[in-house]
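# Structural overview
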There are 2 protein chains.
Amino acid sequence: MLSGRAPRRNTAQSQVRGSAIKLREVSIIGIGQTPVGEHWDKPLRILGTEAVRAAMLDAGIEQPEALYVGNMLSGQLLNQENLGALIADHAGLSGIEAYKVEAACGSGAAAFRTAYMAVASGLCDVVVACGVEKMTDTLTDETAGALMAAADAEFEGEHGLSFVAINALLMQRYLYEFGYQRQDFANFAVNAHRNAVNNPNAMFRKPISADAFARSKMICEPVSLLDSSGIGDGAAAAVLASADWARSHGRRQVRVAASAVATDAVALHDRGDVLFLRGVYYSARKAYAQAGVAPSDIDLFEAHDAFTIMSALSLEANGFAERGRGVRLALDNEITLGGRLPLCTMGGLKARGHPVGATGMYQIVEAAQQLMGLAGANQVANCRLAMTQNIGGSGATVVSHILERVA
Amino acid sequence: MLSGRAPRRNTAQSQVRGSAIKLREVSIIGIGQTPVGEHWDKPLRILGTEAVRAAMLDAGIEQPEALYVGNMLSGQLLNQENLGALIADHAGLSGIEAYKVEAACGSGAAAFRTAYMAVASGLCDVVVACGVEKMTDTLTDETAGALMAAADAEFEGEHGLSFVAINALLMQRYLYEFGYQRQDFANFAVNAHRNAVNNPNAMFRKPISADAFARSKMICEPVSLLDSSGIGDGAAAAVLASADWARSHGRRQVRVAASAVATDAVALHDRGDVLFLRGVYYSARKAYAQAGVAPSDIDLFEAHDAFTIMSALSLEANGFAERGRGVRLALDNEITLGGRLPLCTMGGLKARGHPVGATGMYQIVEAAQQLMGLAGANQVANCRLAMTQNIGGSGATVVSHILERVA
């Protein structure tokens, strides 16, 4: 059993307020993804199309009713918006409902959330959610500058903070408050790289040692290169259907047991306690209540490990660890595939790569792979409940999903 | 009765496929807006907050469960994304579900669509949809360049087309195919300006004459300045609630009778017939079916008159006019407040102003004003059904809503 802030148990009905209506059950019936990497030969619409068509093929469907696209940077880096219509058309689906959803680095899961609502409402039976990002056609400085749009432009960006610097402030404070050393975070990165080796879609498929982490080049003290996730291009997609539709059409299902979004102040200085991610706490609390589970019920967690400090902080605010003890899960090797809470089982943002607006969909696709028993050498034994958490900004928009194996 | 492509009548249930579930009824219970203009003294988060708080005050609510923000350009022009969390926090709602929705110039109504799904699904009882845009802090060239993100960057933008030029191509072809003169479009602009005079939130509150239209400076032949909507800053918002909640809490209601999105190819050259807006046709057909109405039942239409040619083309594809006869509704003065189909009753994009990502919400707020009997000197007599249509790109993403007066 994991310790921590276990919310009151509750039923799925707790999300349905003051009304006789019952939410429809929603399932994932197909998944698709491109490798994460430097896809200089593939425009964004092609990456998106590859993931969408792969998911449709996997689900055995030819005509979804809607497509929701998660993306953060296409306007800034490619001068291309209207991605819903663009990808729908290129994927041969022109005419259907489609639009883009944005929540900075949390865009992918927010698109999945929107797709979930479309099916849960009864408006649609079968829809596609896709996350797509193209970050390597532009110079690194330009891409890094655009990423600052996830933070507060007027009160953080204008004053010279970069997104790495924001995470460095958080990590430095964490070290100071709780008495850790930088090296105590090593296993977050070591674990992610170890898991990525067996993921053919991961960007960095090589193991790293704790020694390599110790020697890693400093980016913004105390955040080193190996604390940080890699920029990349990629797309991932899932087909969602009502459970009734999936059953009556004989499709394999992964149940969406919970879908929840919560927010916090965007700027660090607007938060009462920068080391407690309130958005994570609220988002997880809603998700646990909807699924009727506690943190200790979760069999694997796809964490938003954009930086190692985000892993530690989100483990704590999610109730997987007490305050100041998130990093201990890594130190104590609890986060490996055989540990108490396997983390980032296909490489996480750190080693699979972090194409920002696509990441949330990669997390969901990877969790579905685990629950379908398709994770290959990285398969977590007997997993029933997987949690994914996609974070926009340094904790500002938090999108949590709990997925459940359907026997 | 208006002529045209009247779809088969149908019931609201037609949108609900293969399931016993019934969509919850959704109502607008409050509206808010800022004037459209050059708000150099107000950052985007303040504009958004003003509209959100005004709508909440109007609805008499203190804590919505979610906020969906429609916006197109904040990343490109302000290096600010993550607007859901940003505006929720500034509006005193930090913690709630919030994210941004983007569909180019159709972003505002797409945010409303998302809010509609959140309530229709039973996930939420009371939510806010907000559209916000800030376009005048940057140089006009930069803003105009960013707007090209609504079109196809790789196949239109890269080759030098501007967004005005795309509309000029459409208008030129229309003149050629159907034998009109440029001046035949005058009444679209004359009507919009006449209506804006009585709208305190409109950007251009002065009437124009057909002569002024004839003499208007050419921007990109045959599109003149007075064919074109004006760039501006602004925000508009609405509070949505389940009809049950609204009834049991004694709130004034405007019923959302239909909410529909459809798409078409983004680039003009990818469309079979550039003069028939297929996305408009599909979007309207879905909306009419959901509401169980025909075009002839609509009492007023908030058209996406970004350019006069878009008014003509959308009137046709919506079934308000036969092909090649959309412009005749203007010529024959059918579009005035007392005409058969009052158009852009508070000034439309042309004269209220077109803060792109906010426009869809302005349209919905204005239609609600009419149905609540709050349109002042511009009140359309005995209106029961209002249609709004927000278009992203030159017809690529089309978001239609039909709103109904609740007696």
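So, how was this worked out
- Residues numbered from 1 in each chain as written.
- Chains lettered and ligands numbered in written order.
- Predicted model: local features only at pLDDT ≥ 70, side-chain atom pairs only at ≥ 80, totals over all residues.
- Heavy atoms only, no water.
- Helix = DSSP H or I, 4+ residues; strand = E, 2+ residues; numbered from the N terminus.
- Rg over C-alpha atoms; globule rule 2.2 N^0.38 Å.
- Buried < 20%, exposed > 50% of the residue type's maximum accessible area, 1.4 Å probe, protein only.
- Areas by Shrake-Rupley, 256 points an atom, 1.4 Å probe, with all protein chains shown as cover.
- Lys, Arg positive; Asp, Glu negative; His and termini not counted.
- Charge placed at Lys NZ, Arg CZ, Asp CG, Glu CD.
- Expected span 1.5 Å × (residues − 1).
- Phe/Tyr/Trp six-rings, centres within 6.5 Å; stacked < 30°, edge-to-face > 60°.
- Least-squares fit on C-alpha atoms with pLDDT ≥ 70 in both.
- Contact = heavy atoms within 4.5 Å.
- Pairing = 2+ DSSP bridges.
- Buried area = accessible area lost by both parts, 1.4 Å probe.
- Salt bridge = Lys/Arg side-chain N within 4 Å of Asp/Glu carboxyl O.
- Polar contact = N/O pair within 3.5 Å; in protein donor to acceptor, adjacent residues only side chain to side chain.
- 1 Å grid on protein atoms, 1.4 Å probe; cavity = no way out; pocket = protein on both sides within 12 Å on 5 of 7 lines; lining within 4 Å.
- Points joined across faces, edges and corners; volume = space filled by probe spheres on them.
- Core = buried A, V, L, I, M, F, W, Y, C linked by side-chain atoms within 4.5 Å.
- Axes fitted to C-alpha atoms, helices over the stretch in contact; angles between N-to-C directions.
- Left-handed = near helix turned anticlockwise from the far one by under 90°.
- Nonpolar A, V, L, I, M, F, W, Y, C, P; charged D, E, K, R; others polar.

### Examining the overall build of chain A
Counting its secondary structure elements, chain A contains 14 helices and 11 strands. Computed over its C-alpha atoms, the radius of gyration of chain A comes to 19 Å, within 12% of the 22 Å expected for a compact globule of 407 residues. Its C-alpha atoms give chain A principal-axis dimensions of roughly 55 × 45 × 40 Å. Burial status across chain A gives 68% buried among its 407 residues. Surface exposure of chain A reaches about 12500 Å², of which carbon and sulfur atoms provide 50%. Across chain A, the mean location of the 35 positive side-chain charges is 7 Å away from that of the 40 negative side-chain charges.

### Considering helix α14 (residues 356–371) of chain A
With 16 residues, α14(A) ought to run about 22 Å at 1.5 Å a step, and its terminal C-alpha atoms sit 24 Å apart, in line with that. Positive phi shows up at Gly373(A), right after α14(A), with a value of about 75°.

### Observations regarding the packing of aromatic side chains
This model, assessed by the stated rule, comprises 16 aromatic pairs over all chains. With a centroid separation of 5.2 Å and an interplanar angle of 75°, the aromatic rings of Tyr68(A) and Tyr99(A) are classed as edge-to-face. Taken as a pair, Tyr68(A) in strand β2 (residues 66–70) and Tyr99(A) in strand β3 (residues 97–102) lie far apart in primary sequence, 31 residues in all. Here the aromatic rings of Tyr174(B) and Phe178(B) are separated by 4.9 Å at their centres, their planes lie at 70°, and the arrangement is edge-to-face. Pair noted here: Tyr174(B) and Phe178(B) are both in helix α6 (residues 163–178), with a separation of 4 residues, about one helical turn. For Phe178(B), a relative accessible area of 28% translates into the label partly exposed.

### Describing the relation of the copies chain B and chain A
The two copies are related by a screw motion: chain B maps onto chain A through a turn of 180° and a shift of 0.0 Å along the axis, at an RMSD of 0.0 Å. This pairing of chains is accounted for by a two-fold axis. The position closest to the rotation axis in chain B is occupied by the C-alpha of Ser121(B), lying 1.7 Å away. Interface overlap between copies is the fraction of interface residues in one copy that are interface residues in the other; for chain B against chain A it reaches 100%, indicating a shared surface.

### A closer look at the pairing of strand β11 (residues 397–405) of chain B
Residue and element names in this part refer to chain B. Most of β11 is tucked away, with 8 of its 9 residues classed as buried. As judged from the 9 bridges shared by strand β8 (residues 254–263) and β11, these two strands associate in the antiparallel manner. By the bridge assignment, serine 259 is partnered in β11 with histidine 401. For strand β10 (residues 385–392) and β11, the ladder comprises 8 bridges, and the chain directions are antiparallel. Looking at β11, one finds that methionine 387 is bridged to isoleucine 402.

### A short note on the interface of chain B and chain A
The interface of chain B with chain A comprises 73 residues on the first partner and 73 residues on the second. For the pair chain B and chain A, the summed buried surface comes to about 5500 Å²; carbon and sulfur atoms form 48% of the total. Between the two partners, chain B and chain A, sit 6 salt bridges. Where chain B touches chain A, the interface holds 35 residue pairs in polar contact (both at pLDDT 80 or more). The set of elements that each furnish at least two residues to the side of chain B that touches chain A consists of α2 (74–78), α3 (83–90), β3 (97–102), α4 (107–120), α5 (140–147), β8 and α10 (278–291) of chain B. When residues of the side of chain B that touches chain A are assigned to their parent elements, the largest contribution, 7 residues, is made by α4(B).

### Section: the layout of surface pockets
In this approach a probe as big as a water molecule rolls over the atoms, and the regions it shows empty are the leftover space. Residue and element names in this part refer to chain B. Of the volumes computed, that of the largest pocket is approximately 770 Å³. Along the walls of the largest pocket sit 30 residues, with Thr140, Ser228, Ser229, Gly230 and Ile231 positioned nearest its centre. Of all the elements in the fold, those that place two or more residues in the lining of the largest pocket are α5 and α6. A per-element tally of the lining of the largest pocket places α5 first, with 4 residues.

### Here we look at the pattern of salt bridges
A complete count under the given rule lists 42 salt bridges over all chains for this structure. Of the charged contacts in the structure, one is a salt bridge between Asp264(B) and Arg271(B), with a shortest N-O distance of 3.8 Å. For Asp264(B), a relative accessible area of 3% puts it in the buried group. Members of the salt-bridge network, linked through shared partners, are Glu25(A), Arg255(A), Arg384(A) and Glu404(A).

### Some words on helix α4 (residues 107–120) of chain A
The first and last C-alpha atoms of α4(A) sit 20 Å apart over 14 residues, in line with the 20 Å expected at 1.5 Å per residue. The element α4(A) is extensively covered by neighbouring structure, given that 14 of its 14 residues are classed as buried.

### Topic: the nonpolar core
Within the largest apolar cluster, 90 residues are counted, with the highest numbers of intra-cluster contacts made by Ile28(A) and Ile28(B). Not counting residues within four places of it along the chain, the set of residues in contact with Ile28(A) comprises Phe112(A), Ala238(A), Val239(A), Arg252(A), Gln253(A), Val254(A), Val256(A), Ile364(A), Ala368(A) and Leu403(A). Counting 70 residues, the second largest nonpolar core, distinct from the first, contains Ala260(B), Leu268(B), Ala317(B) and Ile391(B).

### Concerning the packing of helix α1 (residues 44–59) of chain A against helix α3 (residues 83–90) of chain A
Residue and element names in this part refer to chain A. Between α1 and α3, whose axes approach to 9 Å, the crossing angle comes to 65°. In terms of crossing hand, the pair formed by α1 and α3 is right-handed. Facing α1, whose interface residues are Leu44, Arg45, Ile46, Gly48, Thr49 and Val52, α3 presents Leu83, Leu86, Ile87 and His90. Among the residues forming the contact of α1 with α3, the class breakdown is 6 nonpolar, 3 polar and 1 charged.

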